[in-house]
Amino acid sequence: MLLLAALVIAAADMTATSGLPEREPAAVGMSSARLSTIDRVVQRGVDAGGYPGAAVVVGRKGYSVWSRGFGSLDWTGRMPVTSRESIYDLASLTKVVATTTAIMVLYDAGRVDLDAPVSRYLPDFSGGLRDQVTVRHLLTHRAGLPAGRELWRIAKTPIEARAAVLAAPIQCTPGSCYEYSDLGADLLGFVAEAASGQSLDAFLARSVFAKLGMTDTHFRPEAMSSVRIAPTEIAPPRGYPLRGEVHDENAYALGGVAGHAGLFSTAEDLSVFAQMLLNGGVYNGVRVVSDSAVALFTKRAAGHRALGWDTCDGGAGCGQYMSERAFGHTGFTGTSLWIDPDRQMFVILLTNRVHAARARRPSTVIADVRNDLADAAVLAVMDDPSGVMAMPVSFRADRAQDWNRPLRSSRSRSAAARRRGATQRAAAQRAATRRAAAKKSTAKTSKAKSPSAKASAAKTKAVAKKTSVVKKKSAAKTKSTAKKSSVAQKKSTGKKRAKTPR
């Protein structure tokens, strides 16, 4: 197995893109000492059990300045991660690296009109509010679509899954509400296929990835590459561990090629893609999209969303220091790509935090590491016209707030606590039921008293009343007798005193 892995990696060395040319940080106005913070925060995520490994590339001014691999592809530690060879499931980065880029290429070619109704390209997506949904609405997540549908539950084939996407309900007037939607990205993928006359994966392979030399970027990667691919979930609904198959169940239901997920790539391939966008759509003299399309699709269009892309508002994994024009995206598996055109830089992070995480909250771990990575990269810029920013005393990963302990024992304790709580709740419920039954029985008995019992009670009450009256008369008579006796005694005493000499 290890020999096979070595042969595959050697083959990759000969055929894969070399990525961006490398330069020392100082050559592009960055501090290597400050960039070293990246190593600490990313490794802390591995040590905390948030993910088994990670690939990182930071680029600036056309060069790769910090390219690193951390940990391993899985928890065995047998295959170390490298930014060049390690392939990751990009999850929702597919929305921008693949689907949005396809729409950009077709927009440049005049084959997609952003303000045209989607029904122009997809006649089955029509009727009612669907007729008002435009391509632009899909790109800004304002089509009124729900976040998603459980295609993997309701569809048995990719054709049925596609039909379920086309039949998704519109929940509000298009353009009036925001809902981040995988279904919208899937529809964009269908639009790209209809406008290009090709499948989404074939169109992108020819029009984008081959032009950029991104030879490790694919939907449904080849089986021979599996030793280089980071595994994802070990117990998914499919019933077997995943490695080289898309993690997202709905993308799998659509055949592994979907507008919202399904793309696999390396950090170095993505570095070429990011640099192409920073260059205004061209790389190594090969134009992929126009500079005007890059400018249009990456600027804010509705709220914090650009067209397909997200923008940096301080809470989306891009840290707190990137410029207002920064744009990027994240992926559920632990991936992120952020590009800051004002500083001519990008930051890439690939992980598989969904692979048997040993942290209780791997989503919190990856969120902190994403933000720390972006912050460390920006803070390492030493030639910013606004001056050099001060480094914080500690980063999020240093504080590890709401991170966790290793998984196994804490999980068993949590399960025991849940069982105890359930037992206590059941006992309390039984006691409450008994009390309620006893109370009901008492009320029923009282209500069911017979007429003779009621008469007996009334008679007893009358006798008690008569006895009370007799007692009162007797007490009054006794009091009167006592009073007469007292008067007689006083008179007798007075006579005796009169007979006694003074």
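Considering the arrangement of structural elements, one finds Ser-31 in the loop between helix H1 (2–15) and helix H2 (32–47). Given a relative accessible area of 16%, Ser-31 falls into the buried group. Those residues in contact with Ser-31 that lie beyond four places of it in its chain are Pro-25, Ala-380 and Met-382.

It is worth spelling out the sheet that holds strand E8 (residues 310–311) at this point. The sheet built from six strands is open, its strands ordered E2-E1-E11-E10-E9-E8 with antiparallel pairing. Two strands close off the open sheet at either side, each with one partner strand: strand E2 (63–71) and E8. Across the face of the sheet, H2 comes into contact with strand E1 (53–60) and E2 while running at roughly 25 degrees to E2. Contacting E1, E2, strand E9 (327–331), strand E10 (335–340) and strand E11 (345–351), helix H10 (residues 267–278) runs over the sheet at an angle of about 155 degrees to E11.

In this model, helix H3 (residues 94–108) (15 residues) spans 20 Å end to end at C-alpha, consistent with the 21 Å of a helix rising 1.5 Å per residue. At Thr-100, H3 shows its maximal bend, which comes to roughly 30 degrees. Burial within H3 is extensive, with 13 of its 15 residues counted as buried. The first or second residue beyond H3 is Gly-110, which carries a positive phi of 75 degrees.

In this section: the packing of H3 against helix H11 (residues 291–298). In the contact formed by H3 and H11, the axes pass within 10 Å of each other and the chain directions differ by 130 degrees. By the angle between their directions, the pair H3 and H11 is classed as oblique. Like other packed secondary-structure pairs, H3 and H11 cross with a definite hand, here right-handed. From H3, Thr-100, Ile-103, Met-104, Tyr-107 and Asp-108 reach across to H11, where they touch Ala-293, Val-294, Leu-296 and Phe-297. Here the contact of H3 with H11 is built from residues that sort into seven nonpolar, one polar and one charged.

Parameters and conventions
Residues numbered from 1 in each chain as written. Predicted model: local features only at pLDDT ≥ 70, side-chain atom pairs only at ≥ 80, totals over all residues. Heavy atoms only, no water. Helix = DSSP H or I, 4+ residues; strand = E, 2+ residues; numbered from the N terminus. Buried < 20%, exposed > 50% of the residue type's maximum accessible area, 1.4 Å probe, protein only. Contact = heavy atoms within 4.5 Å. Pairing = 2+ DSSP bridges. Axes fitted to C-alpha atoms, helices over the stretch in contact; angles between N-to-C directions. Expected span 1.5 Å × (residues − 1). Bend = angle between axes of the 7 residues up to and from the residue. Parallel < 35°, antiparallel > 145°, perpendicular 65-115°, else oblique. Left-handed = near helix turned anticlockwise from the far one by under 90°. Nonpolar A, V, L, I, M, F, W, Y, C, P; charged D, E, K, R; others polar.

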